Amino acid sequence: MSALKAVAVLVALSGCAGVQAVGQGGSVSGHWIGEIDRDGWRQPVALDIESENGAWTGQWRAVREAPRQSIENVAVQGDEVRFETGKLRFVGRVDGSRLSGTVTEKLADAPVGELSAVQAPARDAYASGSEWSAPVIP
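Described below are features of the structure shown in this document.

About the thresholds
- Residues numbered from 1 in each chain as written.
- Predicted model: local features only at pLDDT ≥ 70, side-chain atom pairs only at ≥ 80, totals over all residues.
- Heavy atoms only, no water.
- Helix = DSSP H or I, 4+ residues; strand = E, 2+ residues; numbered from the N terminus.
- Buried < 20%, exposed > 50% of the residue type's maximum accessible area, 1.4 Å probe, protein only.
- Contact = heavy atoms within 4.5 Å.
- Core = buried A, V, L, I, M, F, W, Y, C linked by side-chain atoms within 4.5 Å.
- Pairing = 2+ DSSP bridges.
- Axes fitted to C-alpha atoms, helices over the stretch in contact; angles between N-to-C directions.

## Notes on the overall build of the chain
Helix and strand content of the chain: one helix and eight strands. Taken from N to C terminus, the helices and strands of the chain fall in the order α-β-β-β-β-β-β-β-β. Going through the 138 residues of the chain one by one, you find that 31% of them count as buried. Long-range contacts, defined here as pairs at least 24 residues apart, represent 31% of the contacts in the chain between residues at least 6 apart.

## Things to note about the side chain of Gln 43
Summarising the element assignment, Gln 43 is placed in strand 2 (residues 41-52). Apart from the residues lying within four places of it in its own chain, the contact partners of Gln 43 are Gly 34, Glu 35, Ile 36 and Ala 62.

## Examining the nonpolar core
Counting 21 residues, the largest nonpolar core has Leu 99 and Leu 115 as its most contacted members. Excluding residues within four positions of it along the chain, Leu 115 makes contact with Glu 35, Ile 36, Val 45, Leu 47, Phe 90, Leu 99, Ser 100, Gly 101 and Val 103.

## Notes on the sheet that holds strand 4 (residues 69-77)
Within the closed barrel, the eight strands sit side by side as 1-2-3-4-5-6-7-8. Their pairing is antiparallel. Each neighbouring strand pair of the sheet contributes to a mean axis angle of 30°, computed without reference to strand direction. As paired strands, strand 1 (residues 30-38) and strand 2 are joined by nine bridges and run antiparallel to one another. Paired with His 31 across the strands is Asp 48, a residue of strand 2.

The following block contains the structure:
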């Protein structure tokens, strides 16, 4: 009987660990509005990141310019987030509803700026016929 209890406790602990990992990564999913600061030159950006069946995908766009572009090699581990665009690589962290980190040029492997974004409801996405204001990032 004690072996059965040990197995039950082990299964319960394994289940809790799985829930924690999903909860941490789940905070990355969603719509993000922010900016890339390149030596004082700030470019607004919007990100959409989601997970489906354990695979992370996403899109980004410069908010004042149209088409969305896919982000590649999206990886989320705990609160750490990594992804790439055609020319740039982002490595950062999620802290609550804030995403921030370093943007590096892939080819030169040199830092080019910092990305800061806040999580926003999808309905606040940029509409081409409206004026966009940069969010206040504490």
